[in-house]
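# Coordinate inspection notes
Below, each chain spelled out in residue letters.
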Amino acid sequence: MHYHNFGRTGRPVSNVGFGAWQIGGDWGSVSEDDGRQALNAALDSGINFIDTADVYGDGRSEKIVADVLASRGGEKPFVATKAGRRLNPHTAEGYNLENLEAFVDRSLNNLRMERLDLVQLHCPPTEAFYRPDVFEALDTLKSKGKIAEYGVSVEKVEEALKAIEYPGVASVQIIYNIFRQRPASLFFKEAKRRNVAVIVRVPLASGLLSGKITRDTAFDSSDHRNFNRNGEAFDVGETFAGVPFEIALDAVEEVRKHVPGGTAMAAFALRWILMNEAVTVAIPGARNAEQAKANASASDLPAISANVMSAMEEIYRSRIAAHVHQRW
């Protein structure tokens, strides 16, 4: 396992982390026992960065994380959570000190922590990034000792670039994978220049880049790959990275041709992400211990050749970019 400093915090984190959305909800049936086993396997593999949110299973994910860490003892991993999606209606005005402090207090209780390592605004409306008072509220929570650092989780490159203009933003979480390559063209350079940590989510395009999904794959009614296929519940970019399903499956077959023998496609797709030096940590999810171990193995894969990297760029340019590049 390889480690990078988490931006200017100086805290070392594994370059493959554990995304805890799946053990919370919206991915079909994942038992709490399987969730615990998955997280334990990730930690046993050297992963020391966990990403969760207060809305994942209405707190279920945060509570599972707390249970596992309490049972293990020892040095605690870096735990990042998120706040804001509990707002109803979900408006920029709702990202005020009163609401954010209530969300932080709830997460402190769920995670059994005295201070949150990192709280991220959870994909707020674009307007929120143009309101200094939102970030002043986070500064206040930091001064109160309730959070150590704060960052943002974004949908759009525009939001990421605006967020890092605020000096207190320590990290940006953004979608980046073989099917969503736009962040590398400008945002990553700016984040690296400002020493802002980059957390990559949806690294496998909701499982598409595992190479295991087919046209016949059936998704449970509680799985966002069923109920959010067209953005019915939240931003469609969170499901299959926003790529139309049939088009994505055809592109997956093109990617498969370039995966080295003996390497799982999921591990290859994660290694592709880690080729960019601006990436601090990628956070694939896992439904069970086997998936968690397989994800962790990507950290130790050899570098991908320049020819294969060029092939991935061409697949994106010719098959995918028209559907996603300017949208996010």
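In what follows, the structure referred to is the one given above.
Source: prediction; values computed, not measured.

Right, let's get into the overall build of the protein. The helix and strand inventory of the protein stands at 11 helices and 10 strands. Here the C-alpha radius of gyration of the protein, 18 Å, is about what a compact globule of 328 residues would show, namely 20 Å. Dimensions of the protein along its principal axes, counting C-alpha atoms only, are 55 × 40 × 40 Å. Counting every position in the protein, which comprises 328 residues, the buried fraction comes to 56%. Accessible area of the protein: about 13,400 Å², with a carbon and sulfur share of 46%. When the 38 positive and 42 negative side-chain charges of the protein are each reduced to one mean point, those points stand 3 Å apart.

Summed over all chains, the structure comprises 12 aromatic pairs. An angle of 20° between the planes, with centres 5.8 Å apart, marks the rings of Trp-21 and Tyr-56 as stacked. Separated by 35 residues along the polypeptide, Trp-21 in the loop between β3 (18-19) and α1 (32-44) and Tyr-56 in the loop between β4 (49-51) and α2 (60-72) bring together distant segments of the chain. On the basis of relative accessibility, which here comes to 16%, the residue Trp-21 falls in the buried class. An aromatic cluster is present here, built from Trp-21, Tyr-56, Phe-227 and Phe-234 joined pairwise through their rings. Between the NZ or CZ atom of Arg-229 and the centre of the ring of Phe-245, over which it lies, the distance is 4.5 Å.

For the rest of this paragraph, the subject is the sheet that holds β4. Spatial ordering of the open sheet is given by β3-β4-β5-β6-β7-β8-β9-β10, a layout of eight strands whose pairing is parallel. What marks the edges here is a single partner per strand, and that holds for β3 and β10 (281-282).

A word on unusual backbone geometry. Here the bond from Asn-88 into Pro-89 is cis, since omega is 5°, no more than 30 degrees from zero. Within the secondary structure, Pro-89 sits in the loop between β5 (78-83) and α3 (97-111). At Asp-58, a residue that is not glycine, the phi angle is positive and equals roughly 55°. Topologically, Asp-58 is positioned in the loop between β4 and α2.

Let us look at the pairing of strand β7 (residues 147-153). The buried fraction of β7 is high, at seven of seven residues. Between the parallel elements strand β6 (residues 116-122) and β7, the chain passes through helix α4 (residues 132-143) in a crossover that is right-handed. The sheet contact formed by β7 and strand β8 (residues 169-175) spans four bridges and is parallel. From the neighbouring strand, Tyr-150 faces β8, where its bridge partner is Val-169.

Turning our eyes to something else, we now look at the packing of α2 against α3. At their nearest, the axes of α2 and α3 sit 7 Å apart, and the two run at 40° to each other. Considering the angle they form, α2 stands oblique to α3. Judged by residue contacts, Glu-62, Lys-63, Val-65 and Ala-66 of α2 engage Ser-107, Asn-110 and Leu-111 from α3. Looking at the contact of α2 with α3, its residues break down into three nonpolar, two polar and two charged.

A few words on the side chain of Ser-153. Note that Ser-153 resides in strand β7. A distance of 3.1 Å separates the side chain of Ser-153 from the side chain of Arg-201, its partner in a polar contact. If we ignore the near neighbours within four places in the chain, the residues touching Ser-153 are Lys-82, Gln-120, Leu-121, His-122, Cys-123, Pro-124, Phe-129, Gln-173 and Arg-201.

Criteria and cut-off values
Residues numbered from 1 in each chain as written. Predicted model: local features only at pLDDT ≥ 70, side-chain atom pairs only at ≥ 80, totals over all residues. Heavy atoms only, no water. Helix = DSSP H or I, 4+ residues; strand = E, 2+ residues; numbered from the N terminus. Rg over C-alpha atoms; globule rule 2.2 N^0.38 Å. Buried < 20%, exposed > 50% of the residue type's maximum accessible area, 1.4 Å probe, protein only. Areas by Shrake-Rupley, 256 points an atom, 1.4 Å probe, with all protein chains shown as cover. Lys, Arg positive; Asp, Glu negative; His and termini not counted. Charge placed at Lys NZ, Arg CZ, Asp CG, Glu CD. Phe/Tyr/Trp six-rings, centres within 6.5 Å; stacked < 30°, edge-to-face > 60°. Lys NZ or Arg CZ within 6 Å of the ring centre and 35° of its normal. Pairing = 2+ DSSP bridges. Right-handed = clockwise from strand over helix to strand, strands pointing away. Axes fitted to C-alpha atoms, helices over the stretch in contact; angles between N-to-C directions. Parallel < 35°, antiparallel > 145°, perpendicular 65-115°, else oblique. Contact = heavy atoms within 4.5 Å. Nonpolar A, V, L, I, M, F, W, Y, C, P; charged D, E, K, R; others polar. Polar contact = N/O pair within 3.5 Å; in protein donor to acceptor, adjacent residues only side chain to side chain.

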